[in-house]
Structures are given as C-alpha cells and as structure tokens.
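Here's the letter readout for the chains.
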Amino acid sequence: MRHPLPWLVGIVWSGALALVQAAPVVIHDAGGTEPITPYLAPLLPDPESPSGETPPSAHPPMGVFDLQQRLPITSPGLSPGRLTRGPDPAVAERLRHLPLPFCLVGADPMSLQWLRAHRDALRAAGAVCLAVDVPDVQALTRIQQAGAGLAITAAPGSDLAEALGLAVYPVLVTRDGFEQ
C-alpha cells in the first residue's frame, strides 16, 4: 500500500497555488473609487518603446525640486471665510471612512491665526494640512511657522473642495464633518 502523505501534500500544494493565483478580494468599497493606472502611467515603462523604457520627459522630477516653479498655488472657488454649513448627507457618509483628519488653509491672516490657535489640537488628532493658497515661498514659510509641527503640503484644493462642497478655508475635515 502506498503512503497517503505525498498525495495529501500534492493536494494541499495545488490548493495553495490556486489561492495565490486567485484575483484579489474586495473587502470594502466606500464608493467614489478611481483606477490608479493614470497615476502610475508616468512611472511605468512605455509599451510602445522598443526597449520598454519610459522617455525621460515622462518621468516626474525625482529628488529635490524647485519650489519656486510650483508657486504660486491658487484654488479657484475657495477663499478665506466663515463656515456656514456642514457637509450634505452624501458627503457626510463618505467622510465616515476618512482615514485621517485634514485641513485646508491659506496664507491669509485668518488662516494663520486659525493655525496658531488650533495647531496643538490638529497635531494631537494627527491632521495633515493642505495649503491651498500660497503666493510665494515667504507665504509658505509663514504657514509652516503658524502650524509648527504639523504636516503641511502646498497644493491646489479646488477639486477636493468641490467634491466636499466647500467654498471657504480654513477648515478642518474629519469623520464627523467640517469644523472651523
């Protein structure tokens, strides 16, 4: 009689291979997802190139970049002001899945004062800040000083604000809604 162990190992191994080759399983989809392919395109080899290389002009600059070339940063549709309402119900539902709170700020006096007043609470909450109105390097420096210890990046915020239904900053966006 043959020993059943090699046969059993073969079946288990085949089953493990089938699992490894299986498609990923979606555990949760909060909706509003986008394909990542367009964001990866500049980093992937060019399929039309004979060598499979991506032309150097298609790669984003790596390493140190000149901040002066990115400025000024503006966000049409957003301006400093008082928050008058919370998110609509559809946005509120999407915010429930927000991994971290974030804030939108500018270089205006209202934003700088708001950052100084709330930076400890923002830091404790693990908030990241998006500077959406930065005319020059000196303005970014003032924002960073006002938010000392916070992760602050400068980038346009119009699309994000439109998706959230926001028209003003400074504002903190959390799982519970908007705060000012």
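In what follows, the structure referred to is the one given above.
A.B. asks: Outline the pattern of salt bridges, supporting the account with residue identities and numerical values.
C.D. replies: Under the criterion given, the structure shown has two salt bridges. Here R96 ties to E93 by a salt bridge, and the two come within 2.6 Å at their closest N and O atoms. Since its relative accessible area comes to 39%, E93 is described here as partly exposed. The residue R123 makes a salt bridge to D120 at a minimum N-O spacing of 3.2 Å.

A.B. asks: Account for the side chain of S75, naming residues and giving values.
C.D. replies: Its place among the elements puts S75 in the loop between α3 (67-70) and β1 (79-80). Polar contacts involving the side chain of S75 include one to the main-chain carbonyl oxygen of V132, which spans 2.6 Å. Among all residues touching S75, those that are not within four sequence positions of it are V132, A155, P156, G157 and S158.

A.B. asks: Describe the packing of helix α5 (residues 109-125) against helix α6 (residues 137-146), listing the residues and the values that go with them.
C.D. replies: Where α5 meets α6, the axes come as close as 8 Å, and the angle between the chain directions of the two elements is 25 degrees. When the interaxial angle is binned, α5 and α6 end up roughly parallel. Where α5 abuts α6, its residues L112, L115, R116 and R119 lie against R142, I143, Q145 and A146. Split into classes, the residues belonging to the contact of α5 with α6 amount to four nonpolar, one polar and three charged.

A.B. asks: So what's going on with the sheet that holds strand β7 (residues 177-179)? Residues and values would help.
C.D. replies: Here we have five strands laid out as an open sheet, ordered β4-β3-β2-β6-β7, and mixed in their pairing. Each of the sheet's edge strands pairs with one partner strand only, and the pair in question is β4 (151-154) and β7. Strand-to-strand twist in this sheet, taken as the mean axis angle between neighbours without regard to direction, amounts to 25 degrees. Alignment of strand β6 (residues 171-174) against β7, held across three bridges, turns out to be antiparallel. When the sheet's bridge partners are listed, L172 is paired in β7 with E179. In the packing of α5 onto the sheet, the strands contacted are β2 (102-106), β3 (128-133), β6 and β7, and the crossing angle to β2 comes to about 155 degrees. Lying over the sheet, α6 contacts β2, β3 and β4, oriented at roughly 160 degrees with respect to β4.

Cut-offs used in this document
- Residues numbered from 1 in each chain as written.
- Predicted model: local features only at pLDDT ≥ 70, side-chain atom pairs only at ≥ 80, totals over all residues.
- Heavy atoms only, no water.
- Salt bridge = Lys/Arg side-chain N within 4 Å of Asp/Glu carboxyl O.
- Buried < 20%, exposed > 50% of the residue type's maximum accessible area, 1.4 Å probe, protein only.
- Helix = DSSP H or I, 4+ residues; strand = E, 2+ residues; numbered from the N terminus.
- Polar contact = N/O pair within 3.5 Å; in protein donor to acceptor, adjacent residues only side chain to side chain.
- Contact = heavy atoms within 4.5 Å.
- Axes fitted to C-alpha atoms, helices over the stretch in contact; angles between N-to-C directions.
- Parallel < 35°, antiparallel > 145°, perpendicular 65-115°, else oblique.
- Nonpolar A, V, L, I, M, F, W, Y, C, P; charged D, E, K, R; others polar.
- Pairing = 2+ DSSP bridges.

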